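Chains, contacts and geometry: an overview
If you want the building blocks of each chain, they are given just below.
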Amino acid sequence: MLTLVLRRFLISIPLLLIATFLVFWMVRSTQAFDPTARLAQSRDPSVVQNERERLGLDDPIPVQYGRWLKDAVTGDLGESQTKHEEVTSMLQRSFWNTLQLILWGALFSAVVAMIIGVYSAVKQYSIGDYVFTSLTYIGIAMPPFVFGLLAIAYLAVWPKQTWGLDKPPLEFVGLHTTGQSGLNWDYIKHLVLPVLTLTVQIVASWTRYQRAATLDVLSSDYVRTARAKGVPRRKVIIKHAVRNSLIPLVTVMAVDIGLLFGGLLITEQIFSIPGMGRLFLNALQTGDAPVILGYILVAGVFVVLFNLIADVMYGVLDPRVRLS
Amino acid sequence: MRRQRRSMQLLALILGLSIIAAACGGDDDDDSGSKGEETKTQTGGDLVIGAEQFPDCMDWIASCAGSSWGSWMVSYNTMPNSFDIVKDGDDWVYETSSMMAEDPEITTEGDKQVVTYVIDDKAVWSDKTPITCADYLYTWDQIKNGDDIYDKTGYQDIESVECPDGEDGKTAVTNYSKPYAGWQQLFGGQFGIFPSHLLKGKDRAAIMANGYDFSAGPWKLDGGASGWVKDTSITLVPNENYWGKKPTLDKVTFLLQADTAAEFEAFKAGTVKAIYPQPQLDAVEEISNGIPDTGKSINADHTPNAEALWMNNAKFPFDSKAVRQAFSYSLDRDAIVEALFGGLGVTKAMNSFNQTILGDFGDPDAFAGYTQDLDKVDELMEGDGWAKGSDGIWAKGGKKAEIVFKTTAGNARRERTQELILEQAKDAGFSLKIDNQAAGDLFGDQLPKGDYTLALYAQVLTSLDPSLSSLFVSTNIPTAENEFSGQNWTRTDIPDADEPLLAVDTESDRQDRSDAQAEADKLLAEDATSLPLDPLPNIFLWSTDIVGPEEGEDNPIFGPFHDMNEWALKA
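Residues numbered from 1 in each chain as written. Chains lettered and ligands numbered in written order. Predicted model: local features only at pLDDT ≥ 70, side-chain atom pairs only at ≥ 80, totals over all residues.

Take the overall build of chain A next. Counting its secondary structure elements, chain A contains 13 helices and zero strands. Burial statistics for chain A: of 324 residues in total, 39% are counted as buried. Across chain A, contacts joining residues at least 24 apart in sequence account for 70% of those joining residues at least 6 apart. (Helix = DSSP H or I, 4+ residues; strand = E, 2+ residues; numbered from the N terminus. Buried ≥ 20, exposed ≤ 12 C-beta atoms within 10 Å, placed from the backbone. Contact = placed C-beta atoms within 7 Å.)

This is how it looks when you write it as structure tokens:
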């Protein structure tokens, strides 16, 4: 186990270096991400050149990257080139917002996917199974931005207007009402719609995985043996089938969650949540290289970390993998 | 007799119903939001407004500032100005602000210009320190001599700022090295005036960039920098030491909402009580469909925006005046504007590059002659040696009139505009190929280097001073020699137009400036250097729970939030 972790950690360092350099090179060699473009329509003709000098944009790309790397290895990710704010604080703020969405989303998705997936497998070809199967296909096909806007329209705006409420029953701007904080009813009201939006596709796909894995387990020899021995069906499902069917789902979950740490751009954009996705998009649009690189580092670390967790979890859940 | 009585009863009934109808009717047009009857208002209360963008920083003179939203929300509400921009009849004009004890005096002798400001005794910062000449001196010095300044235009022409009564005095004398017509936008405007007693000798950027706790306006950031929750909200509270009309509201919070669809939903849900959306297609559709209990101000007659079709006069086929003119005659610009903004009641194209907020400045109808006239197109093109091929597209010397048409990628309204133009141009024999670009690439590289044939984008004024000289004077053509630093991206080269365009920047009398601009406008139109298209309308929507905003009164330069100190909530 320790060897695995160490090996993964060592491999990730050159991977992250290559990833950050490639992204930096692409951003700097393309005019589309020019950080001085926003000044192009200024009446003062000197402002663009002054900005280029301030940011060192006329230096060779490897020199610019080296400047960033020299500070990054000491933990200093530098300052945003457009916002005059420390990249570290920007990442912390954005990461915390995205983390909240992911944690709640993953928890909700896991619980719902397991329940529906197991039910669909146990009650295969029942009306319930068909209904849930249809819903999962709709969920997989549904673009998050469509679902998000529909959810706002029908779960927040429509009730408020129809029932003459003072406020909508569910909120959809940010994670708190201004001035409020902490885990409270206001927070939950703000969380429901963005979590539903980001999980609509995830729940659908995890449900399919869980259903398939459960069906696979239910048809296995040891389950038939247990039933033949008179073990109650409920106990067979809960004690044997569910646990074993979790193995593939957990690995899929770990990988998916790792990818989510890169940001939930659409959800964040619609619900005005300043997370990693929006941070990256804004930085890309303004060519803010230090922020882009900081983002790549954080997202990359979490992808590697959660892939590692997936491998470890596989070993934890399946003794055969551990022994081998 | 019985019939007569019945007739009288009927008449009485009709009269009675009429009286009742008159009493119950009246002005039920709640959507206007106009003051009509006196509405009962409450003292205090919190207001939440949707904002489409936040500034990158609040150091207003730095290159990271340059954000219209930052100015509208915070700068104009906290930083003092020498001049306000107010409505005078149908026009928007400069008016001496309440910070001044009297109108600034301007004298011009030969090449020298002197402007004297006398600050009112009651004008103070939020810590009760008087606003003095020292603040003018500091502001000028920072902008003229500072690094990383967004725009030094005008300030660079000031040789010195003198304080005849000492730096703590109330008189500031600014000495220009040459006449500068736009002097009223200095010491105010987007930048404001800075408090020397708090910033002199310190790192101004570090103190201001992430929010500041001082103010000389009716509002201040709630708790200074903590009033700006990055990427989330900006909260203003009343400045209790403001010398003018203090706000009635307790607090105003701007919530960032980058998605237009979600912004409208938030407005309909009452989560935000006012929005100032871009005139994108989905916004136009929402407004056309109607939103209950909403006041609205849709302003195309006085906007600081001018969207136009910019032709590269140095690139084939627009290197020919005849082709530029022919292309201008190929389009029905009114129909295009109506298709885009008809839902807002905006149906007429612009006929000048001068933004409509400038009113009658220059010649607002200079380009009015360019209406769709396909016979004229044929006449001009054939006269220039072109002939239509079998595909109906003009060709000359083996080269077709194929035009690469660029605009900012991802802008739905501009993409729709391109579609409309493509159809009309094709009917006239021009083949347009759309090649949209990221804004950074377009403005940062392609336009300055002339790597385009036709482009669609807007010029936006941030003051009441026209700025066409930078766009059309031949010495501003970007070249490799000047490192592509000029703003004459169309490569307009009309020597006779240079002098009147430059006169607009130097003449002190507004009528003289207008006459010079009119002369230049005529030459630009004759040359068809480019083609004005539409005034992007300003759209301001507010809940009828707010008393204060009025239809057509949103300040095109200062934004719709500049008079929030006069707003109140309905009781």
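With that settled, the discussion passes to the overall build of chain B. Helix and strand content of chain B: 15 helices and 25 strands. Taken along its principal axes, the extent of the C-alpha atoms in chain B is 95 × 75 × 45 Å. A burial count over chain B gives 52% of its 571 residues as buried. Of all intrachain contacts in chain B linking residues separated by at least 6 positions in sequence, the fraction that spans at least 24 positions is 69%.

Any two packed helices are characterised by the angle at which their axes cross and by the distance between the axes. At a minimum axis separation of 9 Å, helix H6 (residues 144-163) of chain A and helix H6 (residues 260-269) of chain B run at an interaxial angle of 10 degrees. Relative to H6(B), the element H6(A) is oriented roughly parallel. Residues A:Leu149, A:Ile152, A:Ala153, A:Ala156, A:Val157 and A:Lys160 of H6(A) lie in contact with H6(B), whose contacting residues are B:Ala261, B:Ala262, B:Glu265, B:Lys268 and B:Ala269. When the residues that make up the contact of H6(A) with H6(B) are grouped by side-chain class, the tally is eight nonpolar, no polar and three charged. (Axes fitted to C-alpha atoms, helices over the stretch in contact; angles between N-to-C directions. Parallel < 35°, antiparallel > 145°, perpendicular 65-115°, else oblique. Nonpolar A, V, L, I, M, F, W, Y, C, P; charged D, E, K, R; others polar.)

Every α-helical turn comprises 3.6 residues, leaving residues that sit three or four positions apart pointing alike. Burial analysis of helix H8 (residues 221-228) of chain A places just zero of its eight residues in the buried class, a small minority of the element. Looking one or two residues beyond H8(A), the residue adopting positive phi is A:Gly230, at roughly 95 degrees.

A word on the environment of B:Pro164. Residue and element names in this part refer to chain B. Checked against the element boundaries, Pro164 lands in the loop between strand S7 (158-162) and strand S8 (171-176). Using a count of 10 C-beta atoms within 10 Å as the deciding quantity, one classes Pro164 as exposed. Excluding anything up to four places from it in sequence, Pro164 contacts Gly169, Thr171 and Val173.

A separate point is the environment of A:Pro144. Residues and elements named next belong to chain A. Summarising the element assignment, Pro144 is placed in helix H6. Judged by C-beta crowding, with 21 C-beta atoms within 10 Å, Pro144 ranks as buried. Between the C-alpha atoms of Pro144 and Val173, which are 29 residues apart in sequence, the distance is 16 Å. Ignoring anything within four residues of it in the chain, the contact list for Pro144 reads Thr197, Leu198, Val200, Gln201, Ile266 and Thr267.

Time to look at the sheet that holds strand S16 (residues 387-388) of chain B. All names here are of chain B. Spatially, three strands are ordered S16-S17-S18 in an open sheet, and the strand pairing comes out antiparallel. Across the chains shown, the open sheet's two edge strands, defined by having one partner strand only, are S16 and strand S18 (399-400). Where strand S17 (residues 394-396) lies against S18, two bridges are found, and the strand directions are antiparallel. Looking at S18, one finds that Lys396 is bridged to Lys399. (Pairing = 2+ DSSP bridges.)

What follows covers the pairing of S8(B). All names here are of chain B. Across the two faces of S8 the burial differs, with Ala172, Thr174 and Tyr176 buried and Thr171, Val173 and Asn175 not buried at all. Of the strand pairs in this sheet, strand S6 (residues 112-118) and S8 are connected by six bridges, and their pairing is antiparallel. Paired with Thr116 across the two strands is Val173, which belongs to S8. Of the pairings in the sheet, the one linking S7 to S8 comprises four bridges and is antiparallel in character. When the sheet's bridge partners are listed, Ile158 is paired in S8 with Tyr176.

Residue and element names in this part refer to chain A. One way to put it is that H8 packs onto helix H9 (residues 233-260) with a least axis distance of 10 Å and a crossing angle of 150 degrees. Classified by the interaxial angle, the pair formed by H8 and H9 is roughly antiparallel. For the pair H8 and H9, the sense of crossing is right-handed. Contacts between H8 and H9 involve Tyr222, Val223, Ala226 and Arg227 on the former and, on the latter, Arg233, Val236, His240 and Ala241. A class-by-class count of the residues in the contact of H8 with H9 yields five nonpolar, one polar and two charged. (Left-handed = near helix turned anticlockwise from the far one by under 90°.)

To continue, consider the pairing of strand S4 (residues 91-96) of chain B. Residues and elements named next belong to chain B. Note: strand S3 (residues 83-88) against S4, six bridges, orientation antiparallel. By the bridge assignment for S4, Lys87 is matched with Trp92. Connecting S3 to the antiparallel partner S4 that follows it, the hairpin turn spans two residues, and Gly89 within it adopts a positive phi of roughly 70 degrees.

Across the contact, 43 residues belong to chain A and 46 residues belong to chain B. Elements supplying a minimum of two residues to the side of chain A that touches chain B: helix H2 (46-55), H6 and helix H10 (265-270) of chain A.

Glancing now at the nonpolar core. Residues and elements named next belong to chain A. Counting residues in each nonpolar core, the largest one holds 231 residues, and the members touching the most others are Phe172 and Tyr295. No other element matches the twelve residues that helix H7 (residues 185-218) contributes to this core. Those residues in contact with Tyr295 that lie beyond four places of it in its chain are Met276, Leu279, Phe280 and Ala283. (Core = buried A, V, L, I, M, F, W, Y, C linked by C-beta atoms within 7 Å.)

Attention now goes to the sheet that holds strand S22 (residues 530-534) of chain B. Sheet strands pair by backbone hydrogen bonding; their relative direction is either parallel or antiparallel. All names here are of chain B. One open sheet holds the five strands; their spatial order is S20-S19-S21-S15-S22, and the pairing between them is mixed. One side of each edge strand has no neighbouring strand; the edge strands of this open sheet are strand S20 (431-434) and S22. Strand-to-strand twist in this sheet, taken as the mean axis angle between neighbours without regard to direction, amounts to 30 degrees.

Following B:Phe316, the chain continues to B:Pro317 via a peptide bond in cis, the omega torsion being 0 degrees. Note on placement: B:Pro317 falls in the loop between strand S15 (305-311) and helix H8 (321-329). Backbone geometry places A:Ser272, a non-glycine residue, at a positive phi of 55 degrees. Its place among the elements puts A:Ser272 in the loop between H10 and helix H11 (276-286). On the neighbour-count criterion, A:Ser272 (25 C-beta atoms within 10 Å) is buried.

For the rest of this paragraph, the subject is the environment of A:Leu15. Examined against the element boundaries, A:Leu15 turns out to sit in helix H1 (residues 2-29). We classify A:Leu15 as partly exposed; it has 13 C-beta atoms within 10 Å.

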